[in-house]
Amino acid sequence: MEKTFYLTTPIFYPNAKLHLGHAYTMTLADALIRYQRGAGKKTYFLAGSDENTQKMVDAAAKAGTEPMAFLDDIVKNFMKLYASLDISYDQFIRTTDTKVHWPGAQALWKRLDAAGDVYTKKYEGLYCVGHEAFVTEKDLVGGKCPDHGTEPEHLREENYFFRLSRYADVLKGKIESDELRLVPQSRKNEILSFIGDGLKDVSFSRPRRRGWPEGLGIPVPGDDSQIMYVWCDALANYITALGFGRDDALYREFWPADVHVIGKDILRFHAAIWPAMLLSAGLPLPKTIFVHGFITSGGKKMSKTLGNIIDPEELIETYGTDAVRYFLLRHISPFEDGDITREGFKDAYTANLTNGLGNLVARVMKLAETHLGESVARPEAAPFPREYSDMFDMFELNRAIDFVWGRIQALDERITREEPFRLVKKDPERGRALIGELVTELYWIARLLNPFMPETSEIIKRAVRENKKPENLFPRV
Ligand SMILES: [Zn+2]
């Protein structure tokens, strides 16, 4: 069995506050990595931000702030949200980091260039700043980008291009054979059909514009008049974070990535452009790309106009970190779009956390505290149940947490059926033995809960160790 596990997450744009969708990506990733840690792997978990962007420069200008100060401030908020969600990342990479990120991005560029895959071409087209990309006449509605509501700029530039077209066939074969595994199957089909239509070479740099702030944008090796476009700048973070191009001890230990966790909107970048770059550079491909859906509210995309935005921080403040993690991981499908409403959240909280898990922990530990003289043997090192591990391997996190809830329910039913509180009075020896078994099972539940609800898991484990009923776990809201 492989002993290491490297997981990456998308580097988000620091041009605005993170929303529930970002919180979802990070929570999924965190549950996956905590499971691998619990299964005994040496793990590495990467988070970060994509900072060399026009969108960010515009947002900073709008806020009347210097770009770097603006970035520092937003990144602080990213980290604050991650801390309040208990996201256990090992490194937060910033693409403006000239020491950590730039040497590796430039080393990667040089490899692609040496492979004959970088060339210059005049380019003329419509550029949407919101997209950070060229768009076509066809994409526009009434002359404006339908996603951003702005008119694109007309640009004429000489740019470097990456010969993506060269890799379509090889890539198709590797995805078909699962050498590069795409999860779920529907995304695999989607990308195969996209690649099957042929791949066009992609614009790989842009001229350093007038007024573009110092310290932003990675210079193209050997041509200071150009800076790298998002592909080599941003995607490279997955290897530069490990020291590729500078001190590559971590790179040698952890690359290739075991999983890139991404949202469905960035599938093409990660499953076509990025692996093609790696092939060109002669570097190993990631093993799996896991693609999750979006979160809607009341069946609609969250938006200011609809007034249906649910702020992750607000939920955490009201219900606590683990309640938010619980909802996202159990009530949203990891593969399709999922829905959340305030009422739905509250109902799930009350039924499954307050009345469900919280009540069960209180019942069992009250019995233990009253009737057992000392703590019971704890199944600390036993391997996870096969069924549960398989669900993680298939990225079916909602089924894995359902599995835990199955055991919570079964334990509840056992208490109702076997009435330990009566038995312990009638036959103290047998009663205590039964209570011991209930506590052992509760400890198992705590272990299985760890990837999803790490703090709750720890509280339950401590309660069992100390043979003491914990404070009310999920108070009524
Ligand atoms: Zn746009």
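Residues numbered from 1 in each chain as written. Predicted model: local features only at pLDDT ≥ 70, side-chain atom pairs only at ≥ 80, totals over all residues.

Caption draft 1: Just the overall build of the chain, in detail. Regarding its fold elements, the chain presents 18 helices and 16 strands. Here the chain has a C-alpha radius of gyration of 25 Å; the compact-globule value for 477 residues is 23 Å, and the two agree. Over its C-alpha atoms, taken along the principal directions, the chain stretches across nearly 90 × 50 × 40 Å. In the chain, buried positions account for 41% of the 477 residues. (Helix = DSSP H or I, 4+ residues; strand = E, 2+ residues; numbered from the N terminus. Rg over C-alpha atoms; globule rule 2.2 N^0.38 Å. Buried ≥ 20, exposed ≤ 12 C-beta atoms within 10 Å, placed from the backbone.)

Caption draft 2: Layout of the pairing of strand β13 (residues 288–292). Summarising burial for β13: four of the five residues are buried, a large majority. Of the strand pairs in this sheet, strand β7 (residues 181–183) and β13 are connected by three bridges, and their pairing is parallel. Following the sheet pairing, Arg-181 is matched in β13 by Thr-288. (Pairing = 2+ DSSP bridges.)

Caption draft 3: Expanded view of the sheet that holds strand β10 (residues 219–220). In spatial order, the strands read β9-β11-β10; together these three strands make up an open sheet with antiparallel pairing. Bordering the open sheet on either side are β9 (205–207) and β10, each of which pairs with just one other strand. Here two bridges tie β10 to strand β11 (residues 223–228), and the two strands are oriented antiparallel to one another. If you follow Pro-219 over to β11, its bridge partner there is Ile-227.

Caption draft 4: Seen up close, the environment of Pro-475. Here Pro-475 lies in the segment after α18 (454–466). Linking Pro-475 and Thr-354, residues 121 residues apart in sequence, is a C-alpha distance of 6.2 Å.

Caption draft 5: Here's a closer look at the sheet that holds strand β14 (residues 295–297). Reading across from one edge, β15-β14-β16 is the order of the three strands in this open sheet, with mixed pairing throughout. Of all strands in the sheet, those with a lone pairing partner are β15 (300–301) and β16 (338–339), marking the two edges. Relative to β16, β14 runs parallel, the two being bridged by two bridges. The residue bridging Ile-295 from the neighbouring strand is Gly-338, located in β16.

Caption draft 6: Highlighting the pairing of β11. In terms of strand pairing, β9 meets β11 through three bridges, oriented antiparallel. The partner of Ser-205 across the bridge, within β11, is Met-228. Between β10 and the antiparallel strand that follows it, β11, lie two residues; Gly-222 among them carries a positive phi value of about 80°.

Caption draft 7: Representation of the environment of Thr-27. Its location among the elements puts Thr-27 in helix α1 (residues 20–38). Residues Thr-27 and Arg-325, 298 residues apart in the sequence, show an inter-C-alpha distance of 6.5 Å. Apart from residues no more than four positions distant in its own chain, Thr-27 is found in contact with Leu-85, Arg-325, Leu-328 and Leu-329. (Contact = placed C-beta atoms within 7 Å.)

Caption draft 8: Spotlight on the domain arrangement of the chain. In terms of domain boundaries, the chain breaks down into domain 1 (4–293) and domain 2 (341–466). Between the C-alpha centres of domain 1 and domain 2 the distance comes to 41 Å. Counting from both sides, the interface comprises 10 residues of domain 1 and, opposite them, nine residues of domain 2. Per element, the largest residue contribution to the side of domain 1 that touches domain 2 is six residues, and it comes from α1. Its residues assigned to classes, the side of domain 1 that touches domain 2 shows seven nonpolar, one polar and two charged. (Domains from an automatic or database assignment. Nonpolar A, V, L, I, M, F, W, Y, C, P; charged D, E, K, R; others polar.)

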